[in-house]
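Residue-level structural notes
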Amino acid sequence: MIVYQMLTYWLSEHPSIVGFRWSHTQSWGSTWSFLFTSIALYLTLSTFLHFLLRFLLRPGRAVPLGPIPAIHSLSMSLISVTIFAGTLLSAAAEIRDTRWFWRRSKTPFQWLLCFPLGTRPSGRVFFWSYLYYLTRFFHMLRTFFTILRRRRLASFQLFNHSILTFTSFLWLEFSQSFQVLAIILTTSVYSVVYGYRFWTAIGLPAACFPFVLNCQILLLGCNLVCHVGVLLLHFFRGGCNGIGAWIFNSVINGLVLLLFLKFYVNNMHLRNRKRGSEELNRFKDKDI
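The structure displayed is predicted, hence computed values, not measured ones.

Right, let's get into the overall build of the protein. On a plain count of helices and strands, the protein comes out with 11 helices and 0 strands. In the protein, the succession of helices and strands from N to C terminus is α-α-α-α-α-α-α-α-α-α-α. Taken over the C-alpha atoms alone, the protein extends approximately 80 × 45 × 40 Å along its principal axes. Within the protein, the proportion of its 288 residues that are buried is 45%.

Here you go:
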């Protein structure tokens with residue numbers, strides 16, 4: 001009980017969390033110029049590093065990183081767990097404190113999907129939304145790990161990290177509906193995915209199926225279903241705040257889901273071809 005009270009205080013009742021306000025003058029990284037500059041810098045550095053390694057090293061030669069990727073995965077897993085717990089406790093506190101204002105038109109779950117019109121980016125849940133936005137820049141480090149270890153520049157990875165950083169900025173800038181539930185879903189999946197990456201990075205056995213890819217598709221599918229719920233609430237429950245940013249976010253989520261499904265189908269096709277080739281070789285060996 002004492003541990004729960006301490007967690008509740010530090011994750012949802014601390015004055016810095018309760019009094020948070022998204023401001024272009026007080027919140028680091030909260031301006032449009034910072035957003036576009038940081039994404040452009042990320043794309044430029046990734047491309048430059050890729051071509052620099054092609055010029056300096058022989059094809060296929062990787063750059064050893066030691067325990068850095070494992071440390072990054074463990075850090076991201078712990079950060080995701082913290083944001084998940086903080087968002088969950090803060091959402092419960094916000095529902096408790098503001099329910100008198102919207103209880104006639106919404107249920108608590110509907111509030112998670114659809115903020116009332118006029119919602120401002122301040123308070124507990126927006127504090128954790130801000131931290132989630134900042135962690136998007138920490139996520140970008142995986143691109144550099146991929147370039148250094150696999151000598152590969154994945155255009156989809158560049159697109160995905162850039163778009164997710166941009167949409168998390170829109171959540172704060174326009175007090176977009178659905179962001180609380182999106183953060184809860186995303187951080188719960190990320191805590192598992194990055195925990196799994198840490199597990200495999202330290203040499204423990206990997207799953208016999210594309211675990212990370214399946215988790216990502218599951219997350220995108222859940223997000224897509226929730227977006228349908230937001231759309232219905234917007235038209236039948238008096239409107240949702242930040243609907244313009246939500247429309248952009250929905251289109252991007254749909255596009256990313258299609259790209260993931262395409263990659264998933266191609267991946268499964270390659271795995272089946274490889275398995276079929278191995279079985280054929282075993283059959284030939286038996287004949288010999």
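Moving on, we get to the state of the cysteines. For the structure on display, the rule yields 1 disulfide. Sulfur-sulfur distance for the disulfide between Cys 114 and Cys 240 comes to 1.9 Å. Disulfide Cys 114 to Cys 240: torsion about the S-S bond roughly -110°, handedness left-handed. Taken as a pair, Cys 114 in the loop between helix H5 (108-113) and helix H6 (124-139) and Cys 240 in the loop between helix H10 (211-236) and helix H11 (243-287) lie far apart in primary sequence, 126 residues in all. Residue Cys 114 shares its accessibility class with Cys 240, and that shared class is buried. With no disulfide of its own, Cys 208 lies 13 Å from the sulfur of Cys 215, the closest cysteine sulfur.

Here H10 spans 38 Å end to end across 26 residues, near enough to the 38 Å set by a 1.5 Å rise per residue. Buried within H10 are the following residues: Val 212, Leu 213, Cys 215, Ile 217, Leu 219, Leu 220, Asn 223, Cys 226, His 227, Gly 229, Val 230 and Leu 233. Count one or two residues on from H10 and you reach Gly 238, which has phi positive near 90°.

A few words now on the nonpolar core. With 52 residues, the main nonpolar core has Trp 22, Trp 111, Leu 113, Tyr 133, Phe 178 and Val 180 as its most contacted residues. By residue number, the principal contributor to this core is H6, which donates 8 residues. Formed by 8 residues, the second largest nonpolar core is a distinct cluster that contains Ile 163, Ile 252, Val 256 and Leu 257.

Mean pLDDT for the protein: 87, with 91% of residues reaching 70 or above. Taken element by element, the protein is modelled with least confidence in H11, mean pLDDT 68, and with most confidence in H6, mean pLDDT 96. This stretch, residues 279-288, has a pLDDT under 50; its non-local contacts, to residues over four places away or in other chains, come to 0 contacts.

Turning to the packing of aromatic side chains, a few remarks are in order. Using the criterion set out here, one finds 23 aromatic pairs in the structure. When the ring centre of Tyr 194 is taken as origin, the NZ or CZ atom of Arg 197, which lies over that ring, is 5.0 Å away.

Each value, and the rule that gives it
Residues numbered from 1 in each chain as written. Predicted model: local features only at pLDDT ≥ 70, side-chain atom pairs only at ≥ 80, totals over all residues. Heavy atoms only, no water. Helix = DSSP H or I, 4+ residues; strand = E, 2+ residues; numbered from the N terminus. Buried < 20%, exposed > 50% of the residue type's maximum accessible area, 1.4 Å probe, protein only. Disulfide = S-S within 2.5 Å. Expected span 1.5 Å × (residues − 1). Core = buried A, V, L, I, M, F, W, Y, C linked by side-chain atoms within 4.5 Å. pLDDT = per-residue confidence, 0-100. Contact = heavy atoms within 4.5 Å. Phe/Tyr/Trp six-rings, centres within 6.5 Å; stacked < 30°, edge-to-face > 60°. Lys NZ or Arg CZ within 6 Å of the ring centre and 35° of its normal.

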